[in-house]
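Here is what each chain is made of, one letter per residue.
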Amino acid sequence: EPEVTQTPSHQVTQMGQEVILRCVPISNHLYFYWYRQILGQKVEFLVSFYNNEISEKSEIFDDQFSVERPDGSNFTLKIRSTKLEDSAMYFCASSEASVGGEQFFGPGTRLTVL
Amino acid sequence: AQSVTQLGSHVSVSEGALVLLRCNYSSSVPPYLFWYVQYPNQGLQLLLKYTSAATLVKGINGFEAEFKKSETSFHLTKPSAHMSDAAEYFCAVTPIYNQGGKLIFGQGTELSVKP
């Protein structure tokens, strides 16, 4: 069964460092998403991506964040200068359709900023 | 702004008992509604979704949910809990006018099942 994969499963970094979180969406999906979940809080939308462009982004997704689909399979989230408050579980998701379509989630990357 | 409220951050039931997890949304126009489940150390998995067809939606693992527009609710039920149902459950919505398809999640409800 096709699945979304994410690497690494756990990333520890120092404040101010750049991190890149990687995702491989399901191969025939066209819509890609990043969400995050701070410990003890709800899952929050960060950004949606379609046709090599950002479709929508939340207020969380400021200039420190960027997304890229560098090739036909990977979808990455970059945080340029990490802050303590960026510590969270980051989930990648993909879907065939946008509105109303099932989003398939990866297992997440736990980011810890020290 | 659209929001989702899940009543009860923690629900505990006995094995074989009814499971009822509550979800209410705030929107004058009914959105698309979803229930996701998260098992420990795994990603979120879709249980079921409502996209303006039948108001009673059946999902995987014996779960179902009923969309009630008058109550702006989409509660999740299962007639008989199993130990393997212990997990975190998230209600989510997508506004129907939203082009990007983002999901707006509730706070989540952790379900415990006692033997």
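Residues numbered from 1 in each chain as written. Chains lettered and ligands numbered in written order. Predicted model: local features only at pLDDT ≥ 70, side-chain atom pairs only at ≥ 80, totals over all residues. Heavy atoms only, no water.

## Notes on the environment of valine 19 of chain B
Residues and elements named next belong to chain B. Within the secondary structure layout, valine 19 lies in strand S3 (residues 19-21). With 61 residues separating them along the chain, valine 19 and serine 80 place their C-alpha atoms 6.8 Å apart. Those residues in contact with valine 19, other than ones at most four positions away along the chain, are Val13, Phe63, Leu76, Thr77, Lys78, Ala81 and Leu111. (Helix = DSSP H or I, 4+ residues; strand = E, 2+ residues; numbered from the N terminus. Contact = heavy atoms within 4.5 Å.)

## Topic: the packing of aromatic side chains
The relative placement of two aromatic rings is captured by the distance of their centres and the angle of their planes. Within the structure shown, the criterion is met by 19 aromatic pairs over all chains. A ring pair is formed by tyrosine 35 of chain A and phenylalanine 105 of chain A, whose centres lie 5.4 Å apart and whose planes are at 40°; its orientation type is tilted. With tyrosine 35 of chain A in strand S4 (residues 31-37) and phenylalanine 105 of chain A in strand S10 (residues 104-105), this pair connects stretches of sequence that are 70 residues apart. Members of the aromatic cluster, each reached through a chain of ring pairs, are Tyr33, Tyr35, Phe45, Phe91 and Phe105 of chain A together with Phe34, Tyr36, Phe90 and Phe105 of chain B. (Phe/Tyr/Trp six-rings, centres within 6.5 Å; stacked < 30°, edge-to-face > 60°.)

## Concerning the environment of leucine 21 of chain B
Residues and elements named next belong to chain B. With respect to the helices and strands, leucine 21 occurs in strand S3. Overall, leucine 21 belongs to the buried group, its relative accessible area being 1%. Apart from residues lying up to four places away in sequence, leucine 21 is in contact with Val11, Trp35, His75, Leu76, Tyr89 and Thr109. (Buried < 20%, exposed > 50% of the residue type's maximum accessible area, 1.4 Å probe, protein only.)

## Quick look at the pairing of strand S6 (residues 44-50) of chain B
Residue and element names in this part refer to chain B. Here S6 lies mainly inside the structure; 5 of its 7 residues are buried. Looking at chain direction, strand S5 (residues 32-38) and S6 are connected through 6 bridges and run antiparallel. Bridge pairing in S6 places leucine 33 opposite tyrosine 50. Hairpin remark: S5 followed by S6, antiparallel, with 5 residues in the connecting loop; positive phi at asparagine 41, about 60°. (Pairing = 2+ DSSP bridges.)

## With respect to the state of the cysteines
Residue and element names in this part refer to chain A. One pass over the full model with this rule turns up 2 disulfides over all chains. Residue cysteine 23 pairs covalently with cysteine 92 via a disulfide, S to S 1.9 Å. Note on the cysteine 23 and cysteine 92 pair: the S-S dihedral is about -65°, so by sign convention the disulfide is left-handed. Here cysteine 23, found in strand S3 (residues 19-24), pairs with cysteine 92, found in strand S9 (residues 88-95); they are 69 residues apart in sequence, far enough to count as distant. (Disulfide = S-S within 2.5 Å.)

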